[in-house]
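Structural characterization, general
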Amino acid sequence: MNKFEAKLLKRITTFKARKIDPNGRGEASVLMPLFDYGSEPAFLLTKRSQNVASYKGHISFPGGMRESFDSSRVETALREANEEIGVQASHVRVLGEFNDYLANEGFVIHTVLGVLGDASQLKPDTDEVEYLLKIPLSFFKDSTPRTEIWERGGQSFEVYFYNYQGEVVWGLTARMIKHFVDQLI
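What you are looking at is a predicted structure, and each value in this text was computed from that prediction instead of being measured. (Residues numbered from 1 in each chain as written. Predicted model: local features only at pLDDT ≥ 70, side-chain atom pairs only at ≥ 80, totals over all residues. Heavy atoms only, no water.)

Re the sheet that holds strand 10 (residues 167-170)
The condition that has to hold: Strand pairing requires that DSSP identify at least two bridges connecting the strands. Per the convention used, a helix needs a DSSP run of H or I reaching at least four residues, while a strand needs a run of E reaching at least two, with both numbered from the N terminus. Note on geometry: axes are C-alpha line fits, over the in-contact stretch for helices, and angles between N-to-C directions span 0 to 180 degrees. The contact criterion used is simple: two residues touch if any of their non-hydrogen atoms lie within 4.5 Å.
Strand order in this open sheet of three strands is 8-9-10, and the pairing throughout is antiparallel. The strands lining the two open edges of the sheet, one partner per strand, are strand 8 (146-152) and strand 10. The average undirected angle you get between the axes of adjacent strands in this sheet is 30 degrees. The sheet contacts of helix 4 (residues 171-184) involve strand 9 (155-164) and strand 10, and relative to strand 9 the element is tilted by about 80 degrees.

Below you can see the structure in the form of structure tokens.
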């Protein structure tokens, strides 16, 4: 385990993650996969294909809806990551759960932090993923996202936008990353 991973593991185990009671809502889990990218940690993100039902072309973490046979939030995240990017659960070191988020559609999204042993051997499912993006964590640490104030249901909220080499990470994925940097790094 490298220094960064050990530090992150220590922080996540003492971190008080924000949890949302599903209270009858649907649930989904995403894996926030980190990996060694040269000499620094990076996030592995997906560019969603045009074949998926929602968020076509958006940049996101691998994940999806919880199935009745999933025994936990972590299992959902690992199963979905395997389906979308071809990573075996045995090749992910799960560090812990991060914050929960409420999606626009009303379901709860659980986030799971994990470290990939080897990101070079991944085989994305082209029906779901157009391609993979590897973005150094330092980019997010050193960047201030552009923000816009949006309104939905009479409520105003901030929407974050990170522009990385012509790719725009925005919406809930950008919010997750910003919270991760602000709260754990």
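The discussion continues.
A closer look at the packing of aromatic side chains
The geometry of an aromatic ring pair comes down to the distance between the two centres and the angle between the two planes. This is how it is decided: The pairing test for Phe, Tyr and Trp rings, Trp by its six-membered ring, is centres within 6.5 Å, and the orientation test on the planes gives stacked under 30 degrees, edge-to-face over 60, and tilted for anything in between. Burial here depends on accessible area, computed with a 1.4 Å probe over protein chains only, as a share of the maximum for the residue type. Under 20% is buried, over 50% is exposed, and the range in between is partly exposed. Two limits define a charge over a ring: the Lys NZ or Arg CZ must be within 6 Å of the ring centre, and within 35 degrees of the ring normal.
Using the criterion set out here, one finds 13 aromatic pairs in the structure. On the basis of an interplanar angle of 65 degrees and a centroid distance of 4.9 Å, the ring pair of Phe-139 and Tyr-164 is categorised as edge-to-face. Of this pair, Phe-139 sits in helix 3 (residues 137-142) while Tyr-164 sits in strand 9, and the two are 25 residues apart along the sequence. Accessibility expressed as a relative area gives 14% for Tyr-164, which makes it buried. Three or more aromatic residues link up through ring pairs in this structure, and these residues are Phe-15, Phe-43, Phe-61, Phe-98, Phe-139, Phe-140, Tyr-162, Tyr-164 and Phe-180. Between Arg-146 and the ring centre of Phe-161, over which it is positioned, the NZ or CZ distance is 4.1 Å.

Points about the environment of Ser-68
Tracing the backbone shows Ser-68 in the loop between strand 4 (63-65) and helix 2 (73-85). Relative accessible area serves as the criterion here: at 77%, Ser-68 is assigned to the exposed category. In this structure the C-alpha to C-alpha distance between Ser-68 and Phe-4, which are 64 residues apart in sequence, comes to 35 Å.

Focus on helix 1 (residues 3-14)
Short version of the rule: What a helix is expected to span follows from its residue count: subtract one and scale by 1.5 Å. Any pair of N or O atoms that falls within 3.5 Å is considered a polar contact. Within protein, one atom must be able to donate a hydrogen and the other to accept it, and sequence-neighbouring residues count only if both atoms are side-chain atoms.
Between the first and last C-alpha of helix 1 there are 17 Å, a value that for 12 residues agrees with the 16 Å anticipated at 1.5 Å per step. Structurally, helix 1 contributes buried residues whose contacts are with strand 1 (27-37), strand 5 (92-102), strand 6 (108-116) and helix 4. Its side-chain oxygen at 3.2 Å from the backbone nitrogen of Phe-4, Asn-2 defines the N-terminal cap of helix 1.

Re unusual backbone geometry
Not every positive phi belongs to a glycine, and Asn-23 is a case in point at roughly 45 degrees. Here Asn-23 lies in the loop between helix 1 and strand 1. In this structure, Gln-165 is a non-glycine residue whose phi angle is positive, near 50 degrees. Position of Gln-165 among the secondary structure elements: in the loop between strand 9 and strand 10. On the accessibility criterion, Gln-165 (68% relative accessible area) is exposed.

Remarks on the side chain of Ser-60
Mapped onto the secondary structure, Ser-60 falls in strand 3 (residues 59-60). Residue classification places Ser-60 among the buried residues on the basis of a relative accessible area of 12%. In this view, Ser-60 contacts Leu-45, Thr-46, Arg-48 and Thr-173; residues no more than four positions away in its chain are not counted.

Notes on the pattern of salt bridges
Stated precisely, the cut-off is as follows: The salt bridge definition used is simple: a Lys or Arg side-chain nitrogen within 4 Å of an Asp or Glu carboxyl oxygen.
Here the structure, examined in full by the defined rule, presents 11 salt bridges. For Glu-83, the salt bridge goes to Arg-79, with nearest N and O atoms at 3.0 Å. Of this pair, Glu-83 and Arg-79 both sit in helix 2, four residues apart, roughly one helical turn. Classification of Glu-83 as partly exposed rests on a relative accessible area of 35%. Exposure remark for Arg-79: the relative accessible area of 15% places this residue in the buried category. Several salt bridges converge on common partners, so that one network encompasses Lys-19, Arg-73, Glu-97 and Asp-100.

Things to note about the environment of Phe-157
Counting through the fold element by element, Phe-157 comes out in strand 9. Through-space distance from the C-alpha of Phe-157 to that of Thr-147 is 9.8 Å; in sequence the pair is 10 residues apart. Residue contacts for Phe-157: discarding those within four places in its chain leaves Glu-148, Ile-149, Trp-150, Glu-151, Arg-152 and Arg-175.

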